[in-house]
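Topology and contacts: notes
In case you want the letters, here they are:
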Amino acid sequence: MTRPGTFERVYAAVKQQLREGVFRPGERLEPAVLSEELNASATPVRDALHRLTGERLVEAPRHEGFRAPMLTETTLRHLYAWHRDLLLLALARRKAADASGLIGIADQADRALHERQNAMFLALAEASGNPEHVDALRSVLDRLEPLQRMEQWFLDSVETELAQISEAIRSGDRSALRRSLVQYHRRRERIVPQLLASLHSDRARV
C-alpha cells in the first residue's frame, strides 16, 4: 500500500530530474532503479511515470517501458515555435493595465536566468486572462527547461535580451515586445543543433 504523500514526492522528484536534464534523450527510466533511489515501492514510481507520460515529459513507446523523450531538430524547433506562438497569442489578449504585475520579475538577480525569464513569460500568459494560456505555456516550459539551462552557453547578451523584453513590457510597447519575442526565438532556433549535441553529452549534467 502506498503511503500518503509518497506518490506526490516521487512524482515531484522524477519531474525535477527530467527538467534538470539528468537523463539523456532516449535513456530508459527503470522503475526498479528509481524505486531504490527514491526509497519508494514500484507502484508510486510507475504511477508517477504514467502521469509524466501524459504530460509528455516521459515516453512509453509501444508500452515497452519508459524513457526520457527523444528529441530531434524538428521536434525542438516545433517546441520553440509553439512557445513563441503561445506568447504572441497571450500578448494579443493582454490588457495594457496588466503590465504592472510583470514589472520587476526579470530583475530578481537571486534567481537563475531561465527561472526569471519563465516567470516573466508565465506572468505574460496570466495577463491574457485565460488560464488555458498559462497551462499550455507551463507544459511547454517544462519540456524546454533542460535546453533553457544550456542556452547561455551558446548565446551572447542573454541578460540584455531579457532586459529588453522586460522594458518593452514596462513601457507597454506591444510592437517592441512582439519584435523582442520573435527575435528571442529566432536566436534559439539557430542554436538547436548545439543544444541537442550538449543534451546528449555529459556536459549537460555537470
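Figured I'd write up the structure that's included with this text.

Cut-offs used in this document
Residues numbered from 1 in each chain as written. Predicted model: local features only at pLDDT ≥ 70, side-chain atom pairs only at ≥ 80, totals over all residues. Heavy atoms only, no water. Phe/Tyr/Trp six-rings, centres within 6.5 Å; stacked < 30°, edge-to-face > 60°. Helix = DSSP H or I, 4+ residues; strand = E, 2+ residues; numbered from the N terminus. Buried < 20%, exposed > 50% of the residue type's maximum accessible area, 1.4 Å probe, protein only. Lys NZ or Arg CZ within 6 Å of the ring centre and 35° of its normal. Axes fitted to C-alpha atoms, helices over the stretch in contact; angles between N-to-C directions. Parallel < 35°, antiparallel > 145°, perpendicular 65-115°, else oblique. Left-handed = near helix turned anticlockwise from the far one by under 90°. Contact = heavy atoms within 4.5 Å. Nonpolar A, V, L, I, M, F, W, Y, C, P; charged D, E, K, R; others polar. Expected span 1.5 Å × (residues − 1). Polar contact = N/O pair within 3.5 Å; in protein donor to acceptor, adjacent residues only side chain to side chain. Salt bridge = Lys/Arg side-chain N within 4 Å of Asp/Glu carboxyl O. Arc of directions from axis to C-beta.

On to the packing of aromatic side chains. Tallied over the entire structure, the rule returns three aromatic pairs. When the centroid spacing of 6.0 Å and the interplanar angle of 20° are considered together, the rings of F7 and Y11 count as stacked. Here F7 pairs with Y11, and both are found in helix α1 (residues 6-19), just four residues apart, close to one helical turn. Overall, the relative accessible area of 10% leaves Y11 in the buried class. Look at W153 and F154: their rings are 6.4 Å apart centre to centre, the planes differ by 65°, and that puts the pair in the edge-to-face class. Residue F154 is classed as partly exposed on the basis of its relative accessible area of 27%. Over the ring of Y11 we find R51, and its NZ or CZ is 3.9 Å from the ring centre.

If you check the backbone angles, N39 has positive phi at about 55° while not being a glycine. The residue N39 is located in the loop between α2 (31-38) and α3 (42-54) in this model. The phi angle at R56 is positive, at roughly 70°, despite the residue not being glycine. Its place among the elements puts R56 in the loop between α3 and β2 (66-67).

As a packed pair, helix α7 (residues 158-171) and helix α8 (residues 174-190) sit with axes 8 Å apart at the nearest point and diverge in direction by 155°. Between α7 and α8, the crossing angle belongs to the class labelled roughly antiparallel. Judged by the twist between their axes, the crossing of α7 over α8 is left-handed. Together, V158, E161, Q164, I165, A168 and I169 of α7 and A176, L177, S180, L181, Y184, R187 and R188 of α8 make up the contact between the two elements. Residue classes in the contact of α7 with α8 are distributed as eight nonpolar, two polar and three charged.

Over its 17 residues, α8 extends 25 Å from the first C-alpha to the last, a length consistent with the 24 Å expected when each residue adds 1.5 Å. Of all the residues in α8, the buried ones are A176, L177, S180, L181, V182, Y184, H185, R187 and R188. Put simply, D173 is the residue that caps the front of α8, since its side-chain oxygen is 3.2 Å from the backbone nitrogen of S175.

Summed over all chains, the structure comprises 17 salt bridges. In this structure, the salt-bridge partner of E55 is R51, at a minimum N-O distance of 3.4 Å. By relative accessible area, E55 is classed as partly exposed at 23%. Measuring nitrogen to oxygen at the nearest pair gives 2.9 Å for the salt bridge that ties E151 to R188.

Here we take up the packing of helix α5 (residues 113-126) against α7. Contact geometry for α5 and α7: axes closest at 11 Å, N-to-C directions at 20°. Here α5 is positioned roughly parallel relative to α7, judged by the angle of their axes. Crossing angle aside, the handedness with which α5 passes α7 is left-handed. Together, L113, R116, Q117, M120 and F121 of α5 and V158, E159, L162, I165, S166 and I169 of α7 make up the contact between the two elements.

Across its 13 residues, α3 extends 18 Å between first and last C-alpha, which sits within 8% of the 18 Å expected from 1.5 Å per residue. The set of residues buried in α3 consists of P44, V45, A48, L49 and L52. Down the axis, α3 shows its buried residues gathered within 135° of arc, on one side only. With respect to the buried face of α3, the exposed residues turned more than 90 degrees away are H50 and G54. Turning to α3, the residues buried within the fold contact α1, β1 (28-29), α2 and β2. At the C-terminal side of α3, R56 shows a positive phi close to 70°.

Coordinates in, geometry out; function isn't part of it.
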